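Fold and geometry: a report
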Amino acid sequence: MAVSTSPETPIPVGEVSRLIGGWIERLGAVWVEGQITQLSRRPGAGVVFLTLRDPSYDISVSVTCYRQVFDKVAEVVSEGARVVVHAKPEWYAPRGQLSLRAAEIKPVGVGELLARLEQLKKSLAAEGLFAADRKKPLPFLPQLIGLVCGRASAAERDVLENARHRWPAVRFAVRNVPVQGVHAVPQVVAAVQELDALPEVDVIIVARGGGSVEDLLPFSDEQLVRAVSAAVTPVVSAIGHEPDSPLLDLVADLRASTPTDAAKKVVPDVGEELARVQQLRERARRAVDGFVQREERGLAAALHRPCIQRPQRMVEDREEQVTAMLERGRRTLGHLLDRADSELTHTLARVVALSPKATLERGYAVLQRPDGTAVRSPQEVGPDDALRARVAEGEFRVRVDGAPGAATAAE
């Protein structure tokens, strides 16, 4: 339960320590896993002192046990070993210090470590951290390479020497960190995150030489795997030798079998690139030469064509065609005019033949009333009707005689 305090009613330090001790005692015995970083076995002492550290985090806790408990595993447990401890938390009130009183210590075997790694591998794969579509492509020619490796290690030497041999102008930002032991994971993670935050770093190489399964465990740590997965900069894993395969290889954007192989895959070879450029130049020259030769042959073939050698021939041919068409048009128009003239002559003859004037010229006359209508029957006129007689040379007046059908000429 929470303790009610105030500036006016504080509780003594001893009371606080006592309360903390009471809370810790209620926790009971627990199984704890960690890595031994310090081991103290004083001759003649009945108690062994250990420091147990979490490899993934910067957290340690003191462990004490009776000598007879430690002697059971003394031959297989040393500093750096991973163990599982069955212990009860204890609070040392005078110093305000937490420790674990171990009743049993079990070393973690290689088989058990591999089983745990396989379980972690399946869990991370189910989250999609190893998916191929998450892999980022490496730049063709990185200007600055981040390198995370052990200090003065063979891995560092292999990467630097091979990379500079392939491309002398390449630059590196090296971060030397522990690559095994309890301090490896947090420092490797911090180095990767630091290099990933630098915008001038184009790619990051995490390199380490070969080692045992226990030595390579930091590179299968979940915290490191997630840090590499979250990195924006492409990460290359170059851990151990060809058979070694920590989880870092699966989450990295590129897996190199060795540090030397990482340098070859990240940095192009200047000699190979110069040779490739020369090959491309020769290929381009041959392509241009072939194109020019094809165009020259095409131009020569075009120049040998008759229309190019004697271009006026096309005009002459067209001139003959135009002349022939003009003659044809002239003949056709002449035939049309002749036929129209003949038809007009025949029509005029028919019109003349049917004309009333022609009838009048043969001696006939047309009698018309004053309103101009022609008289066609004697019954249409009466006695003394005034009419006009129209003949070929003119007209004159007539008057109808008294008897029907008779008419006399008027003056």
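Criteria and thresholds
- Residues numbered from 1 in each chain as written.
- Predicted model: local features only at pLDDT ≥ 70, side-chain atom pairs only at ≥ 80, totals over all residues.
- Heavy atoms only, no water.
- Helix = DSSP H or I, 4+ residues; strand = E, 2+ residues; numbered from the N terminus.
- Rg over C-alpha atoms; globule rule 2.2 N^0.38 Å.
- Buried < 20%, exposed > 50% of the residue type's maximum accessible area, 1.4 Å probe, protein only.
- Contact = heavy atoms within 4.5 Å.
- Axes fitted to C-alpha atoms, helices over the stretch in contact; angles between N-to-C directions.
- Parallel < 35°, antiparallel > 145°, perpendicular 65-115°, else oblique.
- Left-handed = near helix turned anticlockwise from the far one by under 90°.
- Nonpolar A, V, L, I, M, F, W, Y, C, P; charged D, E, K, R; others polar.
- Phe/Tyr/Trp six-rings, centres within 6.5 Å; stacked < 30°, edge-to-face > 60°.
- Lys NZ or Arg CZ within 6 Å of the ring centre and 35° of its normal.
- pLDDT = per-residue confidence, 0-100.
- Expected span 1.5 Å × (residues − 1).
- Pairing = 2+ DSSP bridges.
- Core = buried A, V, L, I, M, F, W, Y, C linked by side-chain atoms within 4.5 Å.
- Salt bridge = Lys/Arg side-chain N within 4 Å of Asp/Glu carboxyl O.
- Right-handed = clockwise from strand over helix to strand, strands pointing away.
- Patch = residues over 30% accessible without salt bridge, like charges linked within 9 Å, V, L, I, M, F, W, Y side chains within 5 Å.
- Areas by Shrake-Rupley, 256 points an atom, 1.4 Å probe, with all protein chains shown as cover.

1. Some details on the overall build of the protein
- A tally of helices and strands in the protein yields 12 helices and 14 strands.
- Relative to a compact globule of 411 residues, whose C-alpha radius of gyration would be 22 Å, the protein shows 61 Å and is clearly more extended.
- A total of 411 residues make up the protein; the buried ones form 30% of that total.
- Nonlocal contacts in the protein, meaning residues at least 24 apart in sequence, comprise 57% of its contacts between residues at least 6 apart.

2. Comments concerning the packing of helix α4 (residues 154-166) against helix α8 (residues 259-266)
- Orientation of α4 relative to α8, taken along the N-to-C sense of each, is 30 degrees, at an axis distance of 8 Å. With respect to their mutual orientation, α4 and α8 come out roughly parallel. Regarding α4 and α8, the two cross each other, and that crossing is right-handed. Side by side, α4 and α8 meet where A155, D158, V159, N162, A163 and R166 of the first sit next to P259, T260, A263 and K264 of the second.
- Partitioned by chemical class, the residues of the contact of α4 with α8 number five nonpolar, two polar and three charged.

3. Concerning the packing of aromatic side chains
- Applying the stated rule across the entire model yields zero aromatic pairs.
- Over the face of the ring belonging to Y66 we find R101, whose NZ or CZ atom lies 5.1 Å from the ring centre.

4. Notes on the confidence of the model for the protein
- Looking at the protein as a whole, the pLDDT averages 86, with 95% of positions reaching at least 70.
- When pLDDT is averaged over each helix and strand of the protein, the minimum, 52, is found for strand β14 (residues 407-409) and the maximum, 95, for strand β6 (residues 144-149).

5. Points about helix α1 (residues 13-25)
- Compared with the 18 Å implied by 1.5 Å per residue over 13 residues, the 18 Å span of α1 between its first and last C-alpha is a close match.
- All of the buried residues in α1 are S17, L19, G21 and I24.
- Where α1 is buried, its residues touch β4 (82-92) and β5 (97-107).

6. A few points about the sheet that holds strand β9 (residues 235-239)
- Within the open sheet, the five strands sit side by side as β7-β6-β8-β9-β10. Their pairing is parallel. Either end of the sheet is taken by a strand with one partner, and the two such strands are β7 (171-176) and β10 (254-255).
- Where β6 and strand β8 (residues 203-208) come together, four bridges link them in parallel fashion. Note on β8: the bridge partner recorded for G146 is I204.
- This element, helix α5 (residues 184-196), spans β6, β7 and β8 of the sheet and lies at about 175 degrees to β6.

7. Points about the nonpolar core
- V148 and V206 are the most contacted members of the largest nonpolar core, which totals 30 residues.
- At the level of elements, α3 (110-126), β6, α5, β8, α6 (222-230), β9 and α7 (247-251) are the ones that each hand at least two residues to this core.
- In terms of residues, this core owes the most to one element, α5, which gives six residues.
- Those residues in contact with V148 that lie beyond four places of it in its chain are R175, V177, V188, A191, V192, L195, I204, I205, V206 and A207.
- The next biggest cluster of nonpolar side chains, apart from the first, holds 19 residues, and it includes C149, I205, A263 and V267.

8. What to know about the pattern of salt bridges
- For the structure shown, the criterion picks out 15 salt bridges.
- Notably, a salt bridge pairs E273 with R276, separated by 2.7 Å at the nearest N-O pair. Of the two residues, E273 and R276 both sit in helix α9 (residues 270-303), three residues apart, roughly one turn of that helix.
- Sharing partners across several salt bridges, the network here consists of E127, E222 and R226.

9. Side note on the environment of P234
- Here P234 shows up in the loop between α6 and β9.
- Under the relative-accessibility criterion, P234 is labelled buried at 9%.
- Sequence-wise, P234 and K136 are 98 residues apart; in three dimensions their C-alpha atoms are separated by 5.7 Å.

10. Remarks on the pairing of β7
- The pairing of β6 with β7 spans six bridges and is parallel. What sits directly across from L144, in β7, is R171.
- With α4 bridging β6 and the parallel β7, this β-α-β connection has right-handed handedness.

11. A few points about a nonpolar patch on the surface
- Judged by side-chain polarity, V3, I11, V16 and W23 come together as a nonpolar surface patch covering roughly 300 Å² of accessible area.
- Position of I11 among the secondary structure elements: in the segment before α1.

12. Remarks on the side chain of S99
- In this structure, S99 sits in strand β5.
- Setting aside chain neighbours within four positions, we find S99 in contact with S62, K88, P89 and E90.

13. Overview of α8
- Within the span of α8, buried status applies to P259, D261, A262, A263 and V266.
- Along its buried surface, α8 packs onto β6, α4, β8 and β9.

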